[in-house]
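# Chains, contacts and geometry: an overview
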Number of protein chains: 2
Amino acid sequence: MPKYADRMKYMEKTADIVSGLFNSMLDAETISFSGGAPAKEALPVDELRQIANDVLRTDGKGVTALQYGKPEGWHEFREVIVQKLLAAKGINATVDNVIITSGGIEPMNLLCQVFIDPGDVILVESPTFVHCVEIFEMFEAKCIAIECDDKGIILADLEEKIKKYSPKIVYVIPTFQNPTGKTLPEDRREAIAKMGGTYDVIILEDDPYCDLRYSGEALLPIKHFDKSGHTVFANSFSKIFSPGSRLGYACANAQIIKKMIDAKTATNSHTSMIPQVLCSEFFKLGYFKDHLKKICEIHKERRDVMIECIDKYFPEGTKRVFPDGGLFTWVELPGDIDTTELLKEASAKKVAYVAGEGFFTEGGGKGKNCMRISFGSQSPQNIRIGIERLGDLIKSKL
Amino acid sequence: MPKYADRMKYMEKTADIVSGLFNSMLDAETISFSGGAPAKEALPVDELRQIANDVLRTDGKGVTALQYGKPEGWHEFREVIVQKLLAAKGINATVDNVIITSGGIEPMNLLCQVFIDPGDVILVESPTFVHCVEIFEMFEAKCIAIECDDKGIILADLEEKIKKYSPKIVYVIPTFQNPTGKTLPEDRREAIAKMGGTYDVIILEDDPYCDLRYSGEALLPIKHFDKSGHTVFANSFSKIFSPGSRLGYACANAQIIKKMIDAKTATNSHTSMIPQVLCSEFFKLGYFKDHLKKICEIHKERRDVMIECIDKYFPEGTKRVFPDGGLFTWVELPGDIDTTELLKEASAKKVAYVAGEGFFTEGGGKGKNCMRISFGSQSPQNIRIGIERLGDLIKSKL
């Protein structure tokens, strides 16, 4: 075979981690807290059957749903995003500021196409979402970690590293962060938006969990505070509508969006029209409000049970994040437990989580005693069983 | 703004051409022969409404359709492809040889991720599909044209250029080629497959039109003759099912597929599950056979009317291809007409085609007097009106 491109070697390690994530998510016998899937009870199956029945007609939007669309996405769907989602988040935008993507991680891929040459630096949180690190590494970017405290990015460290490394992009998950569940306060958001303009660096704000809030007050996104046009807001319909539909979007200044459209065209032409039309109708018919209420209730219960069980079954000295929303909590174990090693035994006992180490780009064994635990896809009953099982295993190692 | 990545400059010219293609396709007032869209009458809207009604149920495949899938695609859909499509084309494969992609051009993107470093050579037909050249240029590949005769690639020139340039990939559209409508004979297919192994070069066989045959005998694909595992067969559901669904696939040796799965994961996780489930059921329920018959009849009529009208309305000395299938014919005009210039006047007269020059990577004014004319998306009546209009315009220039 001809030699693989350099990027394949560069991304190899993270590709293995992410591949494991996808595989663990689909093993039906295991109580898996590893994937970031929402509850299956939170999928609007019945609503979509009804919508499909109404729109898939030759005298309706059926031809639109099946014929070629445009690389930037369906105009009506972009309008829905501008009017029903961005406005509610305090982001002023027009359709020219929006590109529809095939799921919530494609914006990272497209933005790398636009900005990243091999060797360029991307600053990421410590820890950060390993799947996006895989993307950044596919572009042979150098990922450098920003120090975080219990609220997220430490501004002084961010500013120092921007000055030191002249990054092209700063990648931030501000709300119910993946993997930690932490939320960045509004004053830090505003400061980060400002740094984008001051230092001419793209702030890539990845905010797929923000609508899944179960406690505390909603915060304005970084993009709200962006005066210079350096913030790119990425979001997803995976958690609030359906992961399998693969719908996401980016909102940015029109000049960046235009370049992302070129990259999108050269990636896969455009996002599938069927899910765009179905999702668009879902919002236009006003289903979203009640649906969001329902899915927040489902996930809030799971979070509460998860936290209760960790506190009950995990050993003394365990630290865990209480997330105000989203799908994850982050656990730091006492003693000298290596969670990567432990995962093999956990898998044998049919319970799974994601080992913490893979979320730290800086390496050096950081996060070795940590785990990301997702409470989204397991029933409260399974959470009780799985966390007790996991707690017993951990205790047996101390 | 931070500096764009080098690739954006490199792909700029082709990006403009392709962007024009997508825009021309959607102007409702123009009789457009530019896009590669199939007839809207050939879209299975009613069948999909019925299927959606059956599968979008919480006790059925509704949860599968809306929940996360796997980067390689839905297992059942990959089986459909192996059993109902590849086998019929003379390609022996298992699901491990198949990756589902978001439309028929994503395989080119993923294969570039796997193999192409900046400066690597890709050999392409002269002329070739400009949209894929845009992809290759996004990866900063150097595209070099292989000489073609009226049947496609000239083997001696291909072999000479493989030896001279050591390309990573040879990109071929063997059946009803885009843009010319030509079909490569079976003996050349076999020889090209063999060269893949002899010279350790990937043969990328892009065959989205092969099922749309209106005359002549079906030919075996290059992949059928591939003994060494160097041929990657790419295909699409855009022409035989629905372009807007964005479904395609690649079939290759399992080692290459595994790398493509990593690239897919770092592009957009996986292809949308809703269209995968709908399309899979469409094939499993046996709709495809009658559907293919119907769409071939629709497009055959359009081809016949198109060729009849070109012969009638275009000036003496015009050369055109009689395509045995697909969606395109290729016209070479007499005299000194620049089809890029002419397009402005044609657009003003509300008729459109694609100027030939953009399909030639070698430049130098090649194809300046040529045009790609698609007969897929216009009714026979519109074809008559549009081709007469275009013929009159051309004659006025001589």
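Cut-offs used in this document
- Residues numbered from 1 in each chain as written.
- Chains lettered and ligands numbered in written order.
- Predicted model: local features only at pLDDT ≥ 70, side-chain atom pairs only at ≥ 80, totals over all residues.
- Helix = DSSP H or I, 4+ residues; strand = E, 2+ residues; numbered from the N terminus.
- Rg over C-alpha atoms; globule rule 2.2 N^0.38 Å.
- Buried ≥ 20, exposed ≤ 12 C-beta atoms within 10 Å, placed from the backbone.
- Contact = placed C-beta atoms within 7 Å.
- Pairing = 2+ DSSP bridges.
- Axes fitted to C-alpha atoms, helices over the stretch in contact; angles between N-to-C directions.
- Parallel < 35°, antiparallel > 145°, perpendicular 65-115°, else oblique.
- Left-handed = near helix turned anticlockwise from the far one by under 90°.
- Nonpolar A, V, L, I, M, F, W, Y, C, P; charged D, E, K, R; others polar.
- Least-squares fit on C-alpha atoms with pLDDT ≥ 70 in both.
- Expected span 1.5 Å × (residues − 1).
- Arc of directions from axis to C-beta.
- Domains from an automatic or database assignment.
- Core = buried A, V, L, I, M, F, W, Y, C linked by C-beta atoms within 7 Å.
- pLDDT = per-residue confidence, 0-100.

## Regarding the overall build of chain A
- The helix and strand tally for chain A stands at 14 helices and 15 strands.
- By the compact-globule yardstick of 21 Å for 398 residues, chain A fits well, its C-alpha radius of gyration being 21 Å.
- Considering only C-alpha atoms, chain A reaches an extent of 65 × 55 × 50 Å along its principal axes.
- By the burial criterion, 59% of the 398 residues in chain A qualify as buried.
- Here the contacts in chain A between residues at least 6 apart in sequence split such that 75% fall between residues at least 24 apart.

## Here's the deal with the pairing of strand S2 (residues 98–102) of chain A
Residue and element names in this part refer to chain A.
- Of all 5 residues in S2, 5 are buried; the element is thus mostly enclosed.
- The alternating pattern of S2 places Val98, Ile100 and Ser102 on one face and Ile99 and Thr101 on the opposite face, and all of these are buried.
- Bridge count for S2 against strand S10 (residues 247–251) is 5 bridges, and the pairing is antiparallel. What sits directly across from Ser102, in S10, is Leu247.

## Quick look at the packing of helix H3 (residues 45–55) of chain A against helix H11 (residues 273–284) of chain A
Residue and element names in this part refer to chain A.
- Packing of H3 against H11 brings their axes to within 10 Å, and their N-to-C directions diverge by 110°. In this view, H3 runs roughly perpendicular relative to H11, as classed from their interaxial angle. Contacts from Glu47, Leu48, Ile51, Ala52 and Val55 of H3 reach H11 at Val277, Leu278, Glu281 and Phe282.

## Brief notes about the packing of helix H7 (residues 130–138) of chain A against helix H10 (residues 254–268) of chain B
- Close contact between H7(A) and H10(B) brings their axes to 8 Å; oriented N to C, the two are set at 110°. One element, H7(A), and the other, H10(B), form an angle in the roughly perpendicular class. Between H7(A) and H10(B) lies a crossing of left-handed hand. Across the interface between the two elements, A:Glu134, A:Ile135 and A:Met138 from H7(A) touch B:Ala263, B:Thr265 and B:Ala266 from H10(B).
- A per-class count over the contact of H7(A) with H10(B) returns 4 nonpolar, 1 polar and 1 charged.

## A few points about the interface of chain B and chain A
- Tallying the contact residues gives 72 residues for chain B and 72 residues for chain A.
- Counting only elements with at least two residues in the side of chain B that touches chain A, the list comes to helix H1 (6–10), helix H2 (12–25), helix H3 (45–55), helix H4 (62–66), helix H6 (106–115), helix H7 (130–138), H10 and helix H11 (273–284) of chain B.
- In terms of residue count, the dominant contributor to the side of chain B that touches chain A is H10(B) (8 residues).
- Its residues assigned to classes, the side of chain B that touches chain A comprises 36 nonpolar, 22 polar and 14 charged.

## Overview of the sheet that holds strand S10 (residues 247–251) of chain B
All names here are of chain B.
- Strand order across the open sheet formed by 7 strands is S2-S10-S9-S8-S7-S3-S4, with mixed pairing between neighbours. The sheet terminates laterally at strand S2 (98–102) and strand S4 (142–146), the two strands that pair on one side only. Averaged over neighbouring strand pairs, the angle between their axes works out to 25° when direction is ignored.
- Direction of pairing for strand S8 (residues 202–206) relative to strand S9 (residues 231–236): parallel, over a ladder of 4 bridges. Bridge assignment links Asp206 to a residue of S9, and that residue is Ala234.
- Together, S2, S9 and S10 form the strand contacts of H10, whose direction differs from that of S2 by roughly 25°.

## Some remarks on the relation of the copies chain B and chain A
- Of the two same-sequence chains, chain B is brought onto chain A (RMSD 0.0 Å, axial shift 0.0 Å) by a rotation of 180°. The superposition of one copy onto the other is thereby described by a two-fold rotation axis.
- Mapped onto chain A, 100% of the interface residues of chain B are again interface residues, and the two copies thus contact each other with one and the same surface.

## Observations regarding helix H14 (residues 380–395) of chain B
Residues and elements named next belong to chain B.
- Spanning 16 residues, H14 covers 22 Å between terminal C-alpha atoms, matching the ideal 22 Å at 1.5 Å per step.
- Within the span of H14, buried status applies to Ile383, Gly386, Ile387, Leu390 and Ile394. Angular distribution of buried residues about the axis of H14 spans 100°; they occupy a single face of the element.
- Looking at the packing, one finds that the buried side of H14 touches strand S1 (31–32), helix H12 (287–313), helix H13 (339–348) and strand S13 (351–352).

## Details of the domain arrangement of chain A
All names here are of chain A.
- What the domain assignment lists for chain A is domain 1 (6–42 + 289–395) and domain 2 (45–287).
- Between domain 1 and domain 2, the C-alpha centre-to-centre distance is 24 Å.
- Each partner contributes to the interface: domain 1 provides 37 residues, whereas domain 2 provides 33 residues.
- For the side of domain 1 that touches domain 2, the secondary structure elements donating two or more residues are helix H1 (6–10), helix H2 (12–25), helix H12 (287–313) and strand S12 (328–332).

## Describing the sheet that holds strand S8 (residues 202–206) of chain A
All names here are of chain A.
- The strand order S2-S10-S9-S8-S7-S3-S4 describes an open sheet built from 7 strands, whose pairing is mixed. Lying at the two open borders of the sheet, with one neighbouring strand each, are S2 and strand S4 (142–146). This sheet shows a mean twist of 25° between the axes of neighbouring strands, independent of strand direction.
- Lying on the sheet, helix H9 (residues 186–199) is in contact with strand S7 (169–172), S8 and strand S9 (231–236); it crosses S8 at an angle near 145°.
- Contacts between helix H10 (residues 254–268) and the sheet are confined to S2, S9 and S10, with S2 contributing the most and set at about 25° to the helix.

## Here's the deal with the nonpolar core
- Among the nonpolar cores identified, the biggest contains 250 residues, and A:Leu111, A:Leu204, A:Met260, B:Leu111, B:Leu204 and B:Met260 are the most heavily contacted of them.
- Those residues in contact with A:Leu111, other than ones at most four positions away along the chain, are A:Ile169, A:Leu204, A:Val232 and A:Met260.

## Considerations on the pairing of strand S12 (residues 328–332) of chain B
Residue and element names in this part refer to chain B.
- Across the 5 residues that make up S12, a large majority, 4, are buried.
- Two elements, strand S11 (residues 319–320) and S12, share 2 bridges in a ladder whose sense is antiparallel. The residue bridging Arg320 from the neighbouring strand is Val331, located in S12.
- Of the strand pairs in this sheet, S12 and strand S15 (residues 370–374) are connected by 5 bridges, and their pairing is antiparallel. Within S15, the residue paired with Glu332 across the bridge is Cys370.

## Examining unusual backbone geometry
Residues and elements named next belong to chain A.
- Omega for the peptide link from Ser126 to Pro127 comes to 0°, which places this bond in the cis form.
- Its place among the elements puts Pro127 in the loop between strand S3 (121–125) and H7.
- Residue Pro179 is reached from Asn178 by a cis peptide bond, and omega for that bond is 15°.
- Within the fold, Pro179 resides in the loop between S7 and H9.
- Backbone geometry places Ser269, a non-glycine residue, at a positive phi of 70°.
- Among the structural elements, Ser269 can be located in the loop between H10 and H11.

## Brief notes about the environment of A:Gly104
Residue and element names in this part refer to chain A.
- The topology assignment puts Gly104 in the loop between S2 and helix H6 (106–115).
- For Gly104, a count of 24 C-beta atoms within 10 Å translates into the label buried.
- Separated by 114 residues in sequence, Gly104 and Ala218 have C-alpha atoms that sit 21 Å apart.

## Examining H7(A)
Residue and element names in this part refer to chain A.
- The buried count for H7 comes to 9 of 9 residues, which makes it a mostly enclosed element.
- Of all the residues in H7, the buried ones are Val130, His131, Cys132, Val133, Glu134, Ile135, Phe136, Glu137 and Met138.
- The positive-phi residue at the C-terminal boundary of H7 is Glu140, with phi of around 55°.

## A look at the confidence of the model for chain A
- When pLDDT is averaged across chain A, the result is 96; 99% of the residues are at 70 or more.
- Both scores are given for the predicted complex: the pTM is 0.97, the ipTM 0.97.

## Some points on the environment of A:Glu205
All names here are of chain A.
- As for its position among the elements, Glu205 is in strand S8.
- Spatially, the C-alpha atom of Glu205 lies 9.7 Å from that of Thr175, the residues being 30 residues apart in sequence.
- In contact with Glu205, other than residues within four places in its own chain, are Val172, Pro174, Pro221, Ile222, Lys223, Thr231, Val232, Phe233 and Ala234.

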